[in-house]
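Coordinate analysis (summary)
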Amino acid sequence: MMSRSLRSKTLPLLFSRNPKVNPCELWAPSQALFSTHIVGEKPVLVRDFIHSALYDPRHGYFAQRSRSVGVLQKAIKFNQIEGRKAYMKYLDKIYKGSEISWFTPVEIFKPWYAHGIAEAIMRTANLSVPLKIYEIGGGSGTCAKGIMDYILLNAPTRVYNNMTYTSVEISPSLAELQRETVGEVRSHLSKFRVECRDAADRKGWGDVQQEPCWVIMLEVLDNLPHDLIYSENHVSPWKEVWVANQDGETLTELYKPLQDSLIKKCIKIIDFEKKQDSQSNALLKSVWSKVFPKPRRSWLPTGCLKLLEVLHGALPKMSLIASDFSYLPDVKILGERAPLVSTKKDGSSTDYGSYLDAKGDADIFFPTEFWLLERIDHYCSGWKKLQKDDSSKEGKKRRTIILDTSSFMEEFGLPSRTRTKDGYNPLLDDFKNTKFYLSVPTHNTS
């Protein structure tokens, strides 16, 4: 499989991961979890199980692995590396020589990755008003520092002097690391602050902010909790999946009729504007399902839906830049949009065959279907509100574009800075499974 980082068995493949909604305090990795720590006497929805498995302050994966957010002591000088083989060997040495689970793209390609994002903001933002940037899950602070460095050097002085950069970070240890990283440039400190909270909690945002702003989310969506729905065959209704603690040690799935409002809303968004099957096709499916019954499983990005609802409610004039995985190879778990569940021990990674095996010792990350992200974004902005009537003349409230990472960096970055001696460019050549999503408000605010 491929993970957030270049792992040794997949170095020649696609890479780089960054789970940025990384929570809570450091916990000794040796304290293995039992299922009773995650699921108690009452069953929980799959999204709540995943949230606990990743983010529980004492038992969650990120609480145990806080130190695994890698920070390179110095930037890689790509122009001094011979080519692909030498570059892969260099990264392999870094990972084998440490217990670091991942180095993020913004870390591997610092400062150039962050500079590309800063350039995209400067080209699009209205610089006549104070520039306000929020980053959700700022990791080590490398992105924040890189963006502020770029604006200091390339924007008019008044833009830098009047800007604010707020990191919304759920992990106290990472929040402190961000302050240290950004503080390497003293003038940044008066413009930078960290708010240690959950970005998906509406109360943390306070009153609605009508000023234009930017929100940055780098590899955040893949670690957001998802729900799971199940159907016995193609004609049976979908059911919610819950996780139950059977005997104090064994976790099992329970299937219940659809009741959860967030799940039902996500299902409507996915099905919105889809053409209904013709009666003949429906009849054929019915017959086929009886002869060859096959269960269906579908993972729903309810965590993404909740986060975007909160952001659009609190920051209605926000512009958004998000980057994440568009697909994940070698996924063992069944279902549409199924996650990879991976753990690392003694320098090597192992993938689990079930999400129920993740009991605080494993990362759980999902691919992002960018067409669905775009649809959720439009819905949360208030456009169409799932109207079935296509005759509605209400205009979209967002202008959006989806770009491959290579296209984004060729447009906004400096690709020559990440090119090796023989012309190989890992930033452009190795990110085939990642994309950027850009979304800005239109004038249709009614």
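Scroll up to find the structure this text is about.
A brief report on the enclosed structure follows. All of these numbers come straight from a predicted model, not from anything done at the bench.

**Brief notes about the overall build of the protein chain**
What the protein chain contains, in helices and strands, is 14 helices and 15 strands. Considering the protein chain as a whole, with its 446 residues, one finds that 56% of them fall into the buried category. If you sum the accessible surface of the protein chain, you get close to 20100 Å²; carbon and sulfur atoms cover 52% of it.

**Concerning the sheet that holds strand β15 (residues 434–441)**
The strand order across the open sheet built from seven strands is β4-β3-β2-β5-β10-β15-β14, with neighbouring strands paired in mixed fashion. Two strands lie at the open edges of the sheet, namely β4 (192–195) and β14 (398–404), each paired on one side alone. Taken pair by pair, the neighbouring strands of this sheet meet at an average axis angle of 15°, ignoring direction. Strand direction decides the pairing type here: strand β2 (residues 132–136) and strand β5 (residues 213–218), joined by three bridges, are parallel. Paired with Glu-135 across the strands is Ile-216, a residue of β5.

**Considerations on the pairing of strand β8 (residues 251–257)**
Note that strand β7 (residues 239–245) and β8 share seven bridges and pair antiparallel. Paired with Glu-240 across the strands is Lys-256, a residue of β8.

**Focus on the packing of aromatic side chains**
Per the stated rule, a full pass over the model turns up 13 aromatic pairs. Between Tyr-87 and Tyr-424 the ring centres are 5.9 Å apart and the planes differ by 55°, which places this aromatic pair in the tilted class. Separated by 337 residues along the polypeptide, Tyr-87 in helix α3 (residues 84–96) and Tyr-424 in the loop between α13 (405–412) and α14 (426–429) bring together distant segments of the chain. The pair Tyr-87 / Tyr-424 is uniform in exposure class, with both members buried. With centroids separated by 5.9 Å and ring planes inclined at 40°, the aromatic side chains of Tyr-165 and Phe-192 adopt a geometry described as tilted. Residue Tyr-165 is located in strand β3 (residues 164–168), and its partner Phe-192 is located in strand β4; the two are separated by 27 residues in the primary sequence.

**Points about the packing of helix α5 (residues 112–124) against α13**
Taken N-terminus to C-terminus, the directions of α5 and α13 make an angle of 70°; their axes are 9 Å apart at the nearest point. Looking at the two axes, α5 sits roughly perpendicular to α13. α5 and α13 meet at a crossing whose hand is left-handed. Listed contacts from α13 to Tyr-113, His-115, Gly-116, Ile-117, Glu-119, Ala-120 and Arg-123 of α5 are Phe-408, Met-409, Glu-411 and Phe-412. A breakdown of the residues in the contact of α5 with α13 according to their chemical character gives six nonpolar, two polar and three charged.

**Notes on the pattern of salt bridges**
It is possible for side chains bearing opposite charge to pair when their charged atoms get close. Across all of its chains, the model carries 16 salt bridges by this definition. Taken together, the salt bridges that share partners define one network made up of Arg-47, Asp-227 and Asp-260.

**So, the nonpolar core**
In this structure, Ile-117, Ile-133, Ile-147, Ile-151 and Tyr-165 are the most contacted members of the largest nonpolar core, which totals 53 residues. If near-sequence neighbours (up to four positions away) are discounted, Ile-133 is found in contact with Ile-121, Ile-147, Ile-151, Met-163, Thr-164, Tyr-165, Thr-166, Trp-214 and Ile-216.

**Thoughts on the environment of Phe-408**
Relative to the elements of secondary structure, Phe-408 occurs in helix α13. Residues Phe-408 and Ile-117, spaced 291 residues apart in sequence, show a C-alpha to C-alpha distance of 8.8 Å. Other than its neighbours up to four places away in sequence, Phe-408 contacts Gly-116, Ile-117, Ala-120, Leu-403, Gly-413, Phe-436 and Leu-438.

**A few points about the side chain of Thr-302**
Among the secondary structure elements, Thr-302 is positioned in helix α11 (residues 302–314). Its relative accessible area of 0% is what places Thr-302 among the buried residues. Not counting residues within four places of it along the chain, the set of residues in contact with Thr-302 comprises Arg-47, Pro-225, His-226, Asp-227, Leu-262, Ile-263 and Cys-266.

**Considering the packing of α5 against helix α6 (residues 142–154)**
Relative orientation of the contacting elements α5 and α6 amounts to 55°, with a least axis distance of 8 Å. By the criterion of interaxial angle, the relationship of α5 to α6 is oblique. Crossing handedness for the pair α5 and α6: right-handed. Judged by residue contacts, Ala-114, His-115, Ile-117, Ala-118, Glu-119 and Met-122 of α5 engage Thr-142, Cys-143, Gly-146, Ile-147, Asp-149, Tyr-150, Ile-151 and Asn-154 from α6. Residues that form the contact of α5 with α6 fall into these classes: eight nonpolar, four polar and two charged.

**So, the sheet that holds strand β11 (residues 340–345)**
One open sheet accounts for three strands, arranged β12-β11-β13; its pairing is antiparallel. Single-partner strands in this sheet number two, and they are β12 (348–351) and β13 (363–365). Direction aside, neighbouring strands of the sheet carry axes that sit 30° apart on average. Relative to β12, β11 runs antiparallel, the two sharing four bridges. Looking at β12, one finds that Thr-343 is bridged to Thr-350.

Definitions and limits used
- One numbering rule holds for all chains: residues counted from 1, following each sequence as written.
- Reporting of local features is limited, given that this is a predicted model, to residues whose pLDDT is at least 70; pairs of side-chain atoms are given and counted only at 80 or more, and all residues count toward the totals for whole chains, interfaces and linings.
- Side-chain metrics in this entry use all non-hydrogen atoms of the structure; hydrogen atoms and water are not considered.
- Strands are runs of DSSP state E lasting at least 2 residues, helices are runs of H or I lasting at least 4, and numbering of each runs from the N terminus.
- Note on exposure labels: buried denotes an accessible area under 20% of the residue type's maximum, exposed denotes more than 50%, and partly exposed covers the range between, all computed with a 1.4 Å probe on protein chains only.
- Exposure was quantified through the Shrake-Rupley algorithm and a 1.4 Å probe, taking into account, for residues, occlusion by the shown protein chains and nothing else.
- Strands are labelled as partners when DSSP assigns at least two bridges between them.
- Structural elements are reduced to axes, namely lines fitted to C-alpha atoms, with helices fitted over the stretch in contact, and the angle between N-to-C directions of any two is expressed from 0 to 180 degrees.
- Between 30 and 60 degrees the pair is tilted, below 30 it is stacked and above 60 it is edge-to-face, where a pair is any two Phe, Tyr or Trp rings, Trp via its six-membered ring, whose centres lie within 6.5 Å.
- Every angle not falling under 35 degrees, over 145, or within 65 to 115 is termed oblique; those three ranges are roughly parallel, roughly antiparallel and roughly perpendicular.
- Take the far helix as the reference: if the near one is turned anticlockwise from it by less than a right angle, the crossing is left-handed, and if turned clockwise, right-handed.
- Should any heavy atoms of two residues lie within 4.5 Å, those residues are considered in contact.
- For this classification, Asp, Glu, Lys and Arg are treated as charged, while Ala, Val, Leu, Ile, Met, Phe, Trp, Tyr, Cys and Pro are nonpolar and the rest, including Gly, are polar.
- By definition, a salt bridge exists where a carboxyl oxygen of Asp or Glu is found within 4 Å of a side-chain nitrogen of Lys or Arg.
- Buried Ala, Val, Leu, Ile, Met, Phe, Trp, Tyr and Cys residues form a nonpolar core when they are joined through side-chain atoms within 4.5 Å.

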